[in-house]
Amino acid sequence: MTKRILLYATLAIGAFVSVFPYLLVLLTAFKTQAQLSSTAPWLPGLPPTLANLAELLGGDFPRFVLNTAVMTALLTAGQLVFTTFAAYAFARLRFRGRDVLFWLFVATMMVPSAVTMIPLFLIMRELDLVNTWYGLLAPYVLGTPYGIFLMRQFFRTLPAGLEEAARIDGAGPLTILLRVLLPLCRPALGTLAIITVIASWNSFLWPLIITSGDDTKVITVAIATLKDGIGVDYHLMMAGSLIALVPMLAVFVFFQKYIVRSVVLTGLK
Amino acid sequence: MTGRVPNTRGDGTVVTPLNARRRGGWHAYLFVAPSLFGVVAFLLLPMLIVLVLSLFHWELLSAPEFAGLDNYRRLADDGQTWHSLWVTFVYVLLCVPLQTVLALGLALLLNQRIKGIRLYRSLFVVPWMATPIVLALIWNWIFDPRDGAINSALALVGITGPDWLSDPAWALPAVALVSVWQYTGYTMLFFLAGLQGIPKELYDAAATDGATPAQRFWRVTLPLLNPTMFFVMVTNLIGAFQIFDTVYAMTDGGPGRSTEVLNFRIFQTAFKEFDFGYAATLSTLLFAVILAVTLAQVRFFARRTTYDLS
């Protein structure tokens, strides 16, 4: 019993620490400019105002949300398909140059992106893709080394020899992947989906560099622009951040149900 | 545990390639092709360009001019960069171990059947979902020396808190703390997915053999989490060595140069001083450091074997 109480106390404290800073976002999103300077950050502004949300939602913001949603959906779909294929080959097939190629993929993660963004931009300019959806999506839609690394590691936790039976029945690599391995990878696929959705949704630097018009503007860039105006509109930024978070929470709640096995197995007490 | 046949290395590399020798071949290349194209065109090529640029003087407005090893010679005497590298190492040591241990602990707690588990999982991941630029602002409020949340709470128990972000001794730990806050729940996700893959039978067998919970953790859970742990350590370290946003938004490298991590210095060199050639050289340095750290981990994990479970 004491153990249970201790467990819940730990979880409650951890959850509070995790969420507390975001409570400040929530409170600030409903404050007027005047309340912002007259109340402490952790006290609500009374009466709360819907003006910030109304101002954003009445303007171009919904369009930016839609842009971001389209970008996120395409990147996630691409990532799930191409990453799974590549990771499967790296983890469970054998071919010449496999390990060299894999570590080359991983090595690309080690170069700080601030500087590689410049050559990448120049490449996009050569291809005439600046300020287009293609330019925005191209670098990430074919699967990222990060995702491939993640899935490779999970494919490798599956017992060797799993494919043997299917192979004896004459199944090819694609059938083995789709019928034998993927059903066992649901927790990993759920994780990959979550991190891709959220990383795409929050991506900032590349959209900032490659796009300029409203047609392709994403939320993070829109929120940052609120900061560039005259003075900092904290209350608007927080309202924007709140609007950005809600869909992410929904996505998380949806995908996290895959991060459990179909048969409930616990065994950790 | 049936038959202790070490068939995969700790990082997951298959040692006895029973399962894959015949198939594969051209199929494998087909599977890899789309990603390979993307990686080569959009990641590897820019990376090579940066390596080449490190041999040039290039101040954006002028044309690049070949400089041989000039930039590297400059690097050798550049005390500021070595200071940044030191700050980066301190930062990494402050956040990665703490974050990993906390995340694993949380994952173990949240891998049980308890009420409200989904809610808890969601709450712990919120820090990572939120818009980064906004969070830095919030944390500046929380760290405010006079009426920020942390020092107000400390004052309640009679402690005078430090000046945090304006104190050279505390600014870096404060930034590290924010990173730990931001990435613990995220890291937990991977451990959680890894834990779901461990067959329950192993725990039953261990329990039958009279293993204590501690033994089960060290002998069953941890070895079987090896592939996940390898991924988490490699990617978290790569990410930590490249820390930039938090520093940029919270401290701008200060006070003094106390939080000027290497990636921040690279950014400054490229976009404030417009010295792209030298920024490329600094990027190459950071790349080399990360590569060395990663290779060390590959060796470390390769030595630890897991066992065939089939």
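Residues numbered from 1 in each chain as written. Chains lettered and ligands numbered in written order. Predicted model: local features only at pLDDT ≥ 70, side-chain atom pairs only at ≥ 80, totals over all residues.

**Here we look at the overall build of chain A**
Looking only at helices and strands, one finds 14 helices and zero strands in chain A. In sequence order, the secondary structure elements of chain A are arranged as α-α-α-α-α-α-α-α-α-α-α-α-α-α. Each principal axis of the C-alpha atoms in chain A carries an extent, and together these give about 75 × 65 × 30 Å. Within chain A, the fraction of its 269 residues that count as buried is 48%. Contacts in chain A between residues at least 24 apart in sequence constitute 74% of all its contacts with a sequence separation of at least 6. (Helix = DSSP H or I, 4+ residues; strand = E, 2+ residues; numbered from the N terminus. Buried ≥ 20, exposed ≤ 12 C-beta atoms within 10 Å, placed from the backbone. Contact = placed C-beta atoms within 7 Å.)

**Some thoughts on the overall build of chain B**
In terms of helices and strands, chain B carries 13 helices and four strands. Reported as C-alpha extents along the three principal axes, the dimensions of chain B are approximately 70 × 65 × 30 Å. Sorting the 310 residues of chain B into buried and exposed places 46% on the buried side. In chain B, the share of contacts with a sequence separation of at least 24, taken over all contacts with a separation of at least 6, comes to 69%.

**Quick word on the packing of helix 6 (residues 113-126) of chain A against helix 1 (residues 26-53) of chain B**
Two elements in contact, helix 6 of chain A and helix 1 of chain B, have axes whose closest approach is 8 Å; the angle formed by their N-to-C orientations is 115 degrees. What the angle tells us is that helix 6 of chain A and helix 1 of chain B run roughly perpendicular. In this structure, helix 6 of chain A meets helix 1 of chain B at a crossing whose hand is right-handed. Here Val 115, Thr 116, Pro 119, Leu 120 and Ile 123 of chain A of helix 6 of chain A come into contact with helix 1 of chain B, specifically with Phe 42, Leu 45, Pro 46, Met 47, Ile 49 and Val 50 of chain B. Its residues assigned to classes, the contact of helix 6 of chain A with helix 1 of chain B shows ten nonpolar, one polar and no charged. (Axes fitted to C-alpha atoms, helices over the stretch in contact; angles between N-to-C directions. Parallel < 35°, antiparallel > 145°, perpendicular 65-115°, else oblique. Left-handed = near helix turned anticlockwise from the far one by under 90°. Nonpolar A, V, L, I, M, F, W, Y, C, P; charged D, E, K, R; others polar.)

**Some points on the interface of chain B and chain A**
It is common to give the size of an interface as the accessible area lost on bringing the parts into contact. Tallying the contact residues gives 94 residues for chain B and 88 residues for chain A. Looking at which element gives the most residues to the side of chain B that touches chain A, the answer is helix 1 of chain B, with 18 residues. Partitioned by chemical class, the residues of the side of chain B that touches chain A number 63 nonpolar, 23 polar and eight charged.

**Quick notes on the nonpolar core**
Residues and elements named next belong to chain B. If you look at the biggest cluster of nonpolar residues, it comprises 168 residues, and the most contacted ones within it are Tyr 91 and Val 134. In terms of residue count, helix 7 (residues 168-196) provides more of this core than any other element does, 17 residues in total. Residues lining this core come from more than one domain, with at least three contributed by each of domain 1 (18-53) and domain 2 (73-302). Apart from the residues within four sequence positions on either side, Tyr 91 is in contact with Leu 172, Val 175, Ala 176, Ala 240, Ile 243 and Val 261. (Core = buried A, V, L, I, M, F, W, Y, C linked by C-beta atoms within 7 Å. Domains from an automatic or database assignment.)

**Observations concerning the confidence of the model for chain B**
All names here are of chain B. Confidence in the prediction of chain B, expressed as mean pLDDT, is 81, and 90% of residues score 70 or more. Highest mean pLDDT in chain B belongs to helix 3 (residues 79-109) (92); lowest belongs to strand 1 (residues 8-9) (50). Predicted confidence for residues 1-8 stays below pLDDT 50, and this span has 21 contacts to residues more than four positions away or in other chains. Within the model, pLDDT remains below 50 along residues 15-23, and this stretch shows 20 contacts once partners closer than five positions in the same chain are excluded. In the predicted complex, the global pTM is 0.83; the interface-specific ipTM is 0.81. (pLDDT = per-residue confidence, 0-100.)

**A word on helix 7 (residues 133-141) of chain A**
Residues and elements named next belong to chain A. Among the nine residues that make up helix 7, seven are buried, leaving the element largely enclosed by the rest of the structure. Along helix 7, the residues classified as buried are Gly 135, Leu 136, Leu 137, Ala 138, Pro 139, Tyr 140 and Val 141. At the C-terminal side of helix 7, Gly 143 shows a positive phi close to 95 degrees.

**Some thoughts on the packing of helix 11 (residues 186-201) of chain A against helix 7 of chain B**
It is at 9 Å that the axes of helix 11 of chain A and helix 7 of chain B come closest, and there the two elements cross at 165 degrees. Between helix 11 of chain A and helix 7 of chain B, the interaxial angle falls into the category roughly antiparallel. By crossing handedness, the relation of helix 11 of chain A to helix 7 of chain B is classed as right-handed. Where helix 11 of chain A approaches helix 7 of chain B, its residues Pro 187, Ala 188, Thr 191 and Ile 194 of chain A are matched on the opposing element by Leu 189, Phe 190, Ala 193 and Gln 196 of chain B. Of the residues belonging to the contact of helix 11 of chain A with helix 7 of chain B, the class tally is six nonpolar, two polar and no charged.

**Brief notes about helix 7 of chain B**
All names here are of chain B. Taking 1.5 Å per residue, 29 residues should reach 42 Å; helix 7 reaches 43 Å between its end C-alpha atoms and fits that length. In helix 7, a bend of some 35 degrees at Tyr 183 exceeds every other bend along the element. Taken across its 29 residues, helix 7 has 23 buried, putting it largely inside the fold. (Expected span 1.5 Å × (residues − 1). Bend = angle between axes of the 7 residues up to and from the residue.)

**So, unusual backbone geometry**
Residue and element names in this part refer to chain A. Of note in the backbone geometry, Asp 128 takes a positive phi value of approximately 65 degrees without being a glycine. Among the secondary structure elements, Asp 128 is positioned in the loop between helix 6 and helix 7. According to the C-beta neighbour criterion, Asp 128 is exposed, with 10 such atoms within 10 Å.

**Things to note about the environment of Arg 74 of chain B**
Residues and elements named next belong to chain B. Mapping Arg 74 onto the fold places it in helix 2 (residues 70-76). Owing to 15 C-beta atoms within 10 Å, Arg 74 belongs among the partly exposed residues under this scheme. Each C-alpha atom, one on Arg 74 and one on Thr 294, is 26 Å from the other, the two residues being 220 residues apart in sequence.

**Topic: the environment of Ser 179 of chain B**
Residues and elements named next belong to chain B. Within the fold, Ser 179 resides in helix 7. The class of Ser 179 is buried, set by 24 C-beta atoms lying within 10 Å. Distance in space between the C-alpha atoms of Ser 179 and Ala 41 is 31 Å, their sequence separation being 138 residues. If we skip the residues at most four places from it in the chain, Ser 179 touches Cys 95, Ile 243 and Thr 246.

**A short note on the confidence of the model for chain A**
Taken residue by residue, chain A gives an average pLDDT of 82. The fraction at 70 or more is 94%. Between residues 262-269 of chain A, whose pLDDT stays under 50, and residues either more than four places distant or in other chains, the model counts nine contacts.

**Quick notes on the environment of Thr 100 of chain B**
All names here are of chain B. Note that Thr 100 resides in helix 3. In this structure Thr 100 comes out as buried when scored by C-beta crowding, with 20 C-beta atoms within 10 Å. The residues contacting Thr 100, other than those within four sequence positions of it, are Thr 187, Val 232, Met 233 and Asn 236.

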